[in-house]
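Close look at the chain arrangement
What follows is each chain in one-letter form.
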Amino acid sequence: MIARVRAGDAEAYAQLVRSHTGVALRAAVAFGAGADAEDVVQSAFFKAYQALGRFRDGAPFRPWLLRIVMNETRNTVRSAGRARAVAGRDACSRGVDPVIPDSVDPAAAALARERGTLLTAALEELGEEQRQVVTCRYLLEMDEAETAQALGWPRGTVKSRLNRALRKLERRLGGQLGPERDERKEGGRGARNDGRR
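Just so you know, these numbers come straight off a predicted model, no measurement behind them.

What counts as what
Residues numbered from 1 in each chain as written. Predicted model: local features only at pLDDT ≥ 70, side-chain atom pairs only at ≥ 80, totals over all residues. Heavy atoms only, no water. Helix = DSSP H or I, 4+ residues; strand = E, 2+ residues; numbered from the N terminus. Buried < 20%, exposed > 50% of the residue type's maximum accessible area, 1.4 Å probe, protein only. Contact = heavy atoms within 4.5 Å. Areas by Shrake-Rupley, 256 points an atom, 1.4 Å probe, with all protein chains shown as cover. Core = buried A, V, L, I, M, F, W, Y, C linked by side-chain atoms within 4.5 Å. Axes fitted to C-alpha atoms, helices over the stretch in contact; angles between N-to-C directions. Parallel < 35°, antiparallel > 145°, perpendicular 65-115°, else oblique. Left-handed = near helix turned anticlockwise from the far one by under 90°. Nonpolar A, V, L, I, M, F, W, Y, C, P; charged D, E, K, R; others polar. Phe/Tyr/Trp six-rings, centres within 6.5 Å; stacked < 30°, edge-to-face > 60°. Lys NZ or Arg CZ within 6 Å of the ring centre and 35° of its normal. Expected span 1.5 Å × (residues − 1). Arc of directions from axis to C-beta.

1. Side note on the overall build of the protein
Along its length, the protein carries 11 helices and 0 strands. The order of helices and strands in the protein, counted from the N terminus, is α-α-α-α-α-α-α-α-α-α-α. Within the protein, the fraction of its 197 residues that count as buried is 39%. Considering only residue pairs separated by 6 or more positions, the protein has 63% of its internal contacts joining residues 24 or more positions apart. Approximately 11,400 Å² of the protein is accessible, and the part contributed by carbon and sulfur atoms is 51%.

Structural data, given as structure tokens:
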């Protein structure tokens, strides 16, 4: 697909845009673009198109694009002010929630929203780098290698920052992280302890 775009196939880039717009918008919102998320994503796609000459053949496109989205979001947040970005993120998060199907219990949906609000507040208490790694790994559902590529960090740095961030979230949320907590134990301290036995 990238080769087709480099050869001047405009439709190939349109396909890339269509297939990655959803995750790019989620990333922009999660990293603080708030109401400016669509503008951030549009700018990121434009910059990605301009930078395709520097894209490494064979590399995955999604983490590369999301790194551009993160940088664009950071620039937007800096210019708009952090307080406005936090308020916009919360409002935008509520605005992009999927429609609840009729088969879903309204009480369960309300509980899920409440948990989402608590998680958003807990994420705001993390430092920027810890918030970034948690967002990439869990909210954007990127694997460890993609997270490392998107953030421009070594994989070991991703593991250590993720581990510290999850411990902070666990303390803040009273140990109610669910699968993230189990994965941290399997891939973090628990795995090292097993290796010592």
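So that's the structure; there's more coming.
2. A few points about the environment of Leu166
Relative to the assigned elements, Leu166 resides in helix α9 (residues 155-173). Considered as a pair, Leu166 and Leu126 are 40 residues apart in the sequence and their alpha carbons are 9.7 Å apart.

3. Overview of the nonpolar core
Side chains of nonpolar character tend, in soluble globular proteins, to be buried together. Leu52, Phe61, Trp64, Val69 and Val134 are the most contacted members of the largest nonpolar core, which totals 48 residues. Elements represented by at least two residues in this core include exactly α1 (2-6), α2 (10-30), α3 (37-50), α4 (61-80), α6 (106-124), α7 (128-139), α8 (144-151) and α9. Among the elements that take part in this core, α2 stands out by supplying 8 residues, more than any other. Leu52 has contacts with Ile2, Val5, Arg6, Tyr13, Phe61 and Trp64, leaving out every residue within four places of it along the chain.

4. Some details on the packing of α7 against α8
In a pair of packed helices, the angle between the axes and the distance between the axes together describe the arrangement. Where α7 meets α8, the closest approach of the two axes is 9 Å, and the angle between their N-to-C directions is 135°. Overall, the two elements α7 and α8 adopt an arrangement that is oblique. Here α7 runs over α8; the crossing is right-handed. Along the contact surface, α7 presents Gln132, Val133, Cys136 and Arg137, while α8 presents Glu144, Thr147 and Leu151. The class makeup of the residues in the contact of α7 with α8 is 3 nonpolar, 2 polar and 2 charged.

5. A look at the packing of α8 against α9
Two numbers describe how α8 lies on α9: the axes approach to 9 Å, and their chain directions differ by 100°. When the axis of α8 is compared with that of α9, the two are roughly perpendicular. Residues Glu144, Ala145, Thr147 and Ala148 of α8 form the contact with α9, whose participating residues are Arg155, Val158 and Lys159. Residues of the contact of α8 with α9, tallied by class, amount to 3 nonpolar, 1 polar and 3 charged.

6. Quick notes on α7
The buried count for α7 comes to 9 of 12 residues, which makes it a mostly enclosed element. Those residues of α7 that fall on the buried side of the exposure criterion are Gln130, Arg131, Gln132, Val133, Val134, Thr135, Cys136, Arg137 and Tyr138. Just downstream of α7, Glu141 is the residue with a positive phi angle, here 55°.

7. Things to note about the packing of aromatic side chains
Evaluated as defined, the whole model comprises 4 aromatic pairs. With a centroid separation of 4.9 Å and 70° between ring planes, the pair formed by Phe55 and Trp64 is classed as edge-to-face. One exposure class covers both Phe55 and Trp64, and it is buried. Lying over the aromatic face of Tyr138, Arg137 brings its terminal NZ or CZ to 5.7 Å of the ring centre. Looking at Arg161, its charged tip hangs above the ring of Trp153, at a distance of 4.5 Å from the centre.

8. A word on α3
Over its 14 residues, α3 extends 20 Å from the first C-alpha to the last, a length consistent with the 20 Å expected when each residue adds 1.5 Å. For α3, the set of buried residues is Ala37, Val40, Val41, Ala44, Phe45 and Ala48. Taken end-on, α3 shows its buried residues confined to a sector of 135°, consistent with a single buried face. Along α3, exposed side chains directed more than 90 degrees from the buried face belong to Glu38, Asp39, Gln42 and Gln50.

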